[in-house]
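# Architecture at a glance
Listed below, chain by chain, are the residues.
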Amino acid sequence: MKLNPLAQSLNQTLEGSVAYRLLSDLGKRMFFPRGVAAQSMEAKEKAHRFDATVGIANVERGKPIILEEIHRWVPELSPAEIVSYAPTPGDPELRKLWQQEILRKNPDVPPDRISLPMVTSGLTGALSQVADLFVNPHDHVLVSDFFWGNYRLLFEGRREARLVTYPLFTEEGSLDLEALERTIRDIPAKKAVLVLNFPNNPTGYTPTVDEARAMAGLLARCAEEKDLLVVCDDAYFGLFYEEGIYPHSLFNLLATAHPNLLAVKVDGPTKELYVWGFRIGFLTFGSPVLTAGQFDALNQKLAGSLRATVSNSNRLAQSLLKRALTSAHTPSELAKWADLLKARYRKTRQILSRMGDDVPLVPQPFNSGYFMCFKTRGIDAEALRQALLEKGIGTISLGRDVLRVTFASIPEEHLEELFSEIFETARSLA
Ligand SMILES: Cc1ncc(COP(=O)(O)O)c(C=O)c1O
């Protein structure tokens, strides 16, 4: 198939880099057309007389029609902030603000080593874009044996990748870094995609400082042999409950780890700012060698892919997020809610420390995030879930022997009752 000249030109910009080698066939075909979206972006800057580009009905220039029955619920925002289309790559101010956030939270990342974040429809939207742009059928996508189930649908279901799992933990309960290295080296291809998710869903585990450094080191070693796309899914970033946990994203180390390693940060306000239904996420590239032009070429490809799927992301949500991110009150509010979740974590730990040996459940390591997991001993996790449901208690079973509990969603005063029901029910099934 003949490539569009704009796609060819982006590919030429990327040629010779790890990004080009990692692109999927679909990724190679992508470009941002010089159609309505691009032309209206140009007009925003230059059409100072009349802007007759985009399909928005205006009362007057820059002032879209808005129903009073909508505006009255968010009266402090302008009509444009509520109902106008956002640019395909996202609101430029929001993108800049989020980039500053990434740099603040990841102080070892040199500012010129990352791209300007692109706005996506939630983190799921960002992951889906990564899968489209970088995963071909039969490519190997590595995830730990505790992984967010949607990865299977995203990478295997939609993109026909081979999902390869490696054990997250050793018997002793630390990260099994040897298994990770072995699994990458055993991939019979020059390319591998690795998805890292910390704080982890479902386990609630985040690496220690030593583990994070060791992991970055081993990935840099593996990149000597293979091109690596390492996706950092940072959905639960910031909810760290113990001393000694690595307090940054792995992206902090991976963005500059090796020329053959392209790091992709997938993050967003969904959990970090408690806006689950806003459907806003961000996708940011990091590399020690890509030029500004190459980062831009990747973003152009991503913009094309966004244009062809969701076109652009929720405007109202982006406007509200800009306000929140620039408000002096936000940090203290965030700290308040983080404290509440930490108290639930502490309570959960306390309850587990008193768990009797007769309970056929083994808590897995956890120190962060929303969740904790039990491995079941000799009882079926789905049977346990069903039995709990009979008692009016909802949990998640994963495979035959893992039960996930979202302690973050249960008020502290109810945790005792919740866990004693779980223990009691597990005992009754043994
Ligand atoms: C690990 C992980 N990644 C991504 C997501 C998706 O986030 P979003 O709701 O922004 O699509 C979730 C949501 O539960 C998650 O647990």
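Calculation rules
- Residues numbered from 1 in each chain as written.
- Predicted model: local features only at pLDDT ≥ 70, side-chain atom pairs only at ≥ 80, totals over all residues.
- Heavy atoms only, no water.
- UniProt positions renumbered as here; feature names shortened; annotations may be inferred.
- Axes fitted to C-alpha atoms, helices over the stretch in contact; angles between N-to-C directions.
- Helix = DSSP H or I, 4+ residues; strand = E, 2+ residues; numbered from the N terminus.
- Parallel < 35°, antiparallel > 145°, perpendicular 65-115°, else oblique.
- Left-handed = near helix turned anticlockwise from the far one by under 90°.
- Contact = heavy atoms within 4.5 Å.
- Disulfide = S-S within 2.5 Å.
- Buried < 20%, exposed > 50% of the residue type's maximum accessible area, 1.4 Å probe, protein only.
- Phe/Tyr/Trp six-rings, centres within 6.5 Å; stacked < 30°, edge-to-face > 60°.
- Lys NZ or Arg CZ within 6 Å of the ring centre and 35° of its normal.
- Pairing = 2+ DSSP bridges.
- Patch = residues over 30% accessible without salt bridge, like charges linked within 9 Å, V, L, I, M, F, W, Y side chains within 5 Å.
- Areas by Shrake-Rupley, 256 points an atom, 1.4 Å probe, with all protein chains shown as cover.
- Salt bridge = Lys/Arg side-chain N within 4 Å of Asp/Glu carboxyl O.

The chain carries the name Aminotransferase class I and II in an unreviewed UniProt entry, which gives Winmispira thermophila as its organism. Regarding the chain, the relevant UniProt record gives this comment under Cofactor (unreviewed entry): "pyridoxal 5'-phosphate". According to its UniProt record, the chain has this under Sequence similarities (unreviewed entry): "Belongs to the class-I pyridoxal-phosphate-dependent aminotransferase family."

### What about the packing of helix α10 (residues 177-186) against helix α11 (residues 209-222)?
At a closest axis distance of 10 Å, the pairing of α10 and α11 adopts a crossing angle of 15 degrees. Classified by the angle their axes make, α10 and α11 are roughly parallel. Once α10 is placed against α11, the crossing between them reads as right-handed. Contacts between α10 and α11 involve Leu 177, Leu 180, Glu 181, Ile 184 and Arg 185 on the former and, on the latter, Glu 211, Ala 214, Met 215, Leu 218, Leu 219, Arg 221 and Cys 222.

### Here we look at the state of the cysteines
Each disulfide is one covalent bond, formed between the sulfur atoms of two cysteines. Summed over all chains, the structure comprises zero disulfides. Free cysteine Cys 232: the closest other cysteine sulfur is in Cys 222, separated by 15 Å. Given a relative accessible area of 1%, Cys 232 falls into the buried group.

### Concerning the packing of aromatic side chains
In the structure shown here, the tally under the stated rule is 20 aromatic pairs. A centroid spacing of 5.4 Å and a plane angle of 75 degrees characterise the contact between Tyr 236 and Phe 371, whose relative ring orientation is edge-to-face. Highlighted residues: Tyr 236 in the loop between β7 (227-233) and α12 (251-254) and Phe 371 in the loop between β10 (361-363) and β11 (372-376), separated in sequence by 135 residues. One aromatic cluster is present, built from ring pairs that chain together Phe 147, Trp 148, Tyr 151 and Phe 155. Its end group placed over the ring of Tyr 20, Lys 28 keeps NZ or CZ at 4.9 Å from the ring centre.

### Quick notes on the pairing of β11
Counting buried positions along β11 gives four out of five residues, so the element sits mostly inside the fold. The pairing of β11 with strand β13 (residues 402-405) spans four bridges and is antiparallel. Along β13, the bridge assignment pairs Lys 375 with Val 402.

### Overview of a nonpolar patch on the surface
Where nonpolar side chains cluster on the molecular surface, the patch consists of Leu 67, Ile 70 and Val 83 and spans about 250 Å² of accessible area. With respect to the secondary-structure elements, Val 83 resides in helix α6 (residues 79-83).

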